[in-house]
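Read off the chains here:
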Amino acid sequence: MFDYLIRDVRILDGSGGPAFSGSAALFGGKIAAVGDLPAAEAACVIDGRGRFLTPGFIDIHRHADAALLRPGFGQAELAQGLTTIVNGNCGLSLAPVSGPHREAVLEYLAPIVGRTETDFPSLADYRRRANEAPLPLNAGMLAGMGTLRACAADFRDGALTEGEYHLIHAALEEALSDGALGVSLGLGYAPECFYTTEELIRALAPLRRSGRVITVHMRQEGDGVVEALEEMLAVARALETPVEISHLKAIGPRNWRKAVPRMLQMIAGARAEGLDVTCDTYPYPAGSTQLLHVLPPEFQAGGVEALTAALRDPERRRRMRRRMETGTDFENIVSLVGFDNIHAISLRLPEHAEFEGRTLADIAAHQGRDPYDALFDLLAAERCGPAMIDFFAHQADVEDILQAPFSGVISDATYPQGLPHPRVYGAFPRLLETCVRHRGVLTLAEAVRKITRQPAERFGLTGKGRIEAGADADLCLFAPENIHETAAWQSPRQLAEGMDYVFVNGVPAIREGVFTGLNAGRHL
């Protein structure tokens, strides 16, 4: 007897092929059979008429490193149909962190990946902690190369020593042995922004011909984004291992409808050359990261303590401002989008509560101050902790990326205090509701492939992302017309609607639209 039989349903198996009618039987956490099973006996029979059955959705780019371990985690993810997530992105992973620079590293990481009461000197320590109790969904971790470099050499600018390269290589190999699904880079962030291309290749040397995926937040995503992509194609050639360009985009009106078409051609050409290069994006015209990243990267040398001191020093403030007014050799977000498109979030001080979610231009006007001074003082007072939501993309660019056959879909979700980006709660419903149903950017089968089988195969998640006998029973049952993103810019903490059933390893986490509280996930 099967545990569950889902009968008379339209099945999208994750391959991108058309839906077919049939039934699926589940037993022992696996898909036991798929096809015409009208007479099969099961402990629970679910009538799937009028609904689609798909593999559980996979988000390969989240920043839930610490959030995963908090009580109550998972509803925002499960309500979207997510059954597997991957953390440790953009070079910033909560594990492994150890050594003399430990506290500085954890302070720098906290606004993006969060912080826990327990430290994790190894990825094995993190996995053990995650598996102490069943998780609400499956999760995996990348080894963040920014974390590894900072642990070895702090946030110092300049070339690394032989000993520091040795420490990075040893930590990288240990993390891979401990089960990291791949490696992530954050070349737009300290300390990885201090690498030259040659130094970066040297730091990644253990990955040469390894087949391990390198995901990368590129060095620039605005004026220098094409050159940044050229750099990563050179890295892919040198290392002969897969590269995933994270959240591909072109920031700022002067780059719209120019950079993205060119980059898609470059990736297609590289793939034709034999390079294993892919990309992903989130279905929004705005992103979110630490507010300090509007500043020139050289001022981030030394970490949070040094940057906070620089923000309080009149001469260094003048230098920062001059660089931000004229610089094109870094991700100059203020120049690219303007103060009126950058919203401050995660403000912790009571005197700043009224500014949560407001633009930097609005905050400066409220204070009757110059926007540069308002920005510098806000960051200094909050010890560089705030985040931001910045509106920077052209919708047509986003849709072009979504339509590329080699692109995937991610959320890039972070879990800040205050107002998060709506993508935390709504990226995948937005894909199905807005991009598929309303705008026709993708077919439903294409969209399902990009968030199930494609990411599973990219990261070697055996058994995930497919509906076939023997696969893991991670499944979503829903009627597409009922899928709805409720999260909004000013009220983002709203659960998505429309998932009737979500199974994680054969156990219903959502049953007839209601959370069951059953946890059957595991750390991969």
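Residues numbered from 1 in each chain as written. Predicted model: local features only at pLDDT ≥ 70, side-chain atom pairs only at ≥ 80, totals over all residues. Heavy atoms only, no water.

### Side note on the environment of cysteine 384
Move 1: Tracing the backbone through its elements, the reader meets cysteine 384 in the loop between α13 (371-381) and β16 (387-391).
Move 2: With sequence-adjacent residues up to four places away left out, cysteine 384 is seen in contact with Leu292, Val304, Leu307, Thr308, Leu311 and Leu379. (Helix = DSSP H or I, 4+ residues; strand = E, 2+ residues; numbered from the N terminus. Contact = heavy atoms within 4.5 Å.)

### Here's the deal with unusual backbone geometry
If a residue is not glycine, its phi is most likely negative; likewise, a peptide bond is most likely trans.
Move 1: Here alanine 95 and proline 96 are connected by a cis peptide whose omega angle stands at 0 degrees.
Move 2: Following alanine 190, the chain continues into proline 191 via a peptide bond in cis, with omega recorded as 0 degrees.
Move 3: At glutamate 240, a position not held by glycine, the phi torsion is positive, near 55 degrees.
Move 4: With respect to the element layout, glutamate 240 can be found in the loop between α7 (225-239) and β12 (243-245).
Move 5: By relative accessible area, which is 44% here, glutamate 240 ends up partly exposed. (Buried < 20%, exposed > 50% of the residue type's maximum accessible area, 1.4 Å probe, protein only.)

### Here's the deal with empty space enclosed by the protein
A water-sized probe, rolled over the atoms, reveals where empty space remains.
Move 1: Here the structure, examined in full by the defined rule, presents four cavities of 30 Å³ or more.
Move 2: Taken as a whole, the largest cavity spans an internal volume of roughly 50 Å³.
Move 3: Every residue lining the largest cavity is listed: Leu248, Lys249, Thr281, Tyr282, Tyr284, Phe392, Ala393, Asp397, Val398 and Ile401.
Move 4: Residue contributions to the lining of the largest cavity peak at three residues, all from helix α14 (residues 395-403).
Move 5: The residue inventory of the lining of the largest cavity, partitioned by class, reads seven nonpolar, one polar and two charged. (1 Å grid on protein atoms, 1.4 Å probe; cavity = no way out; pocket = protein on both sides within 12 Å on 5 of 7 lines; lining within 4 Å. Points joined across faces, edges and corners; volume = space filled by probe spheres on them. Nonpolar A, V, L, I, M, F, W, Y, C, P; charged D, E, K, R; others polar.)

### Some remarks on the sheet that holds strand β9 (residues 143-144)
Move 1: Read across the open sheet, the six strands follow the order β9-β10-β11-β12-β13-β17; overall the sheet is parallel. Looking at which strands have only one partner, the edges of the open sheet turn out to be β9 and β17 (407-409). (Pairing = 2+ DSSP bridges.)

### Regarding the sheet that holds β16
Move 1: The strand order across the open sheet formed by three strands is β14-β16-β15, and the pairing between neighbours is antiparallel. Each of the sheet's edge strands pairs with one partner strand only, and the pair in question is β14 (286-290) and β15 (342-345). Sheet twist, expressed as the average angle between the axes of neighbouring strands with direction ignored, equals 25 degrees.
Move 2: Pairing of β14 with β16, which is carried by five bridges, proceeds in the antiparallel orientation. Counted as the bridge partner of serine 288 is isoleucine 389 from β16. (Axes fitted to C-alpha atoms, helices over the stretch in contact; angles between N-to-C directions.)

### A few points about the packing of aromatic side chains
Move 1: On inspection of all chains with the given rule, the structure shows 10 aromatic pairs.
Move 2: Ring centres 6.3 Å apart and planes at 75 degrees place the aromatic pair phenylalanine 57 and phenylalanine 478 in the edge-to-face group. Here phenylalanine 478 lies in strand β18 (residues 475-478) and phenylalanine 57 lies in strand β6 (residues 57-59), a separation of 421 residues in the sequence.
Move 3: Their ring planes at 45 degrees and their centres at 4.7 Å tell us that tyrosine 108 and phenylalanine 155 sit as a pair that is tilted. Taken together, the residues span a long stretch of sequence, with tyrosine 108 in helix α2 (residues 102-113) and phenylalanine 155 in the loop between α4 (145-153) and α5 (162-177) at a distance of 47 residues.
Move 4: Judged by relative accessible area, which is 2%, phenylalanine 155 ranks as buried.
Move 5: Among the aromatic residues, those joined into a cluster by ring pairs are Tyr4, Tyr501 and Phe503.
Move 6: For arginine 149, the ring lying beneath its charged end belongs to tyrosine 195, and the centroid distance is 4.4 Å.
Move 7: Geometry around tyrosine 282 places arginine 423 over its ring, the cationic atom sitting 4.6 Å from the centre. (Phe/Tyr/Trp six-rings, centres within 6.5 Å; stacked < 30°, edge-to-face > 60°. Lys NZ or Arg CZ within 6 Å of the ring centre and 35° of its normal.)

### Focus: the layout of surface pockets
Move 1: Within this model, the largest pocket holds a volume of roughly 420 Å³.
Move 2: Considering the residues around the largest pocket, the lining is formed by 33 residues, among which Gly188, Tyr189, His217, His293 and Glu331 are closest to the centre.
Move 3: Counting residues per element, the lining of the largest pocket draws most heavily on β14, at three residues.
Move 4: When its residues are assigned to classes, the lining of the largest pocket shows 12 nonpolar, 11 polar and 10 charged.
Move 5: Forming the walls of the second largest pocket are 22 residues, and the residues nearest its centre are Gly72, Phe73, Pro134, Pro136 and Asn519.
Move 6: When contributions to the lining of the second largest pocket are tallied by element, the ones reaching two or more residues are α1 (75-78) and α3 (123-130).
Move 7: Of the residues belonging to the lining of the second largest pocket, the class tally is 13 nonpolar, six polar and three charged.

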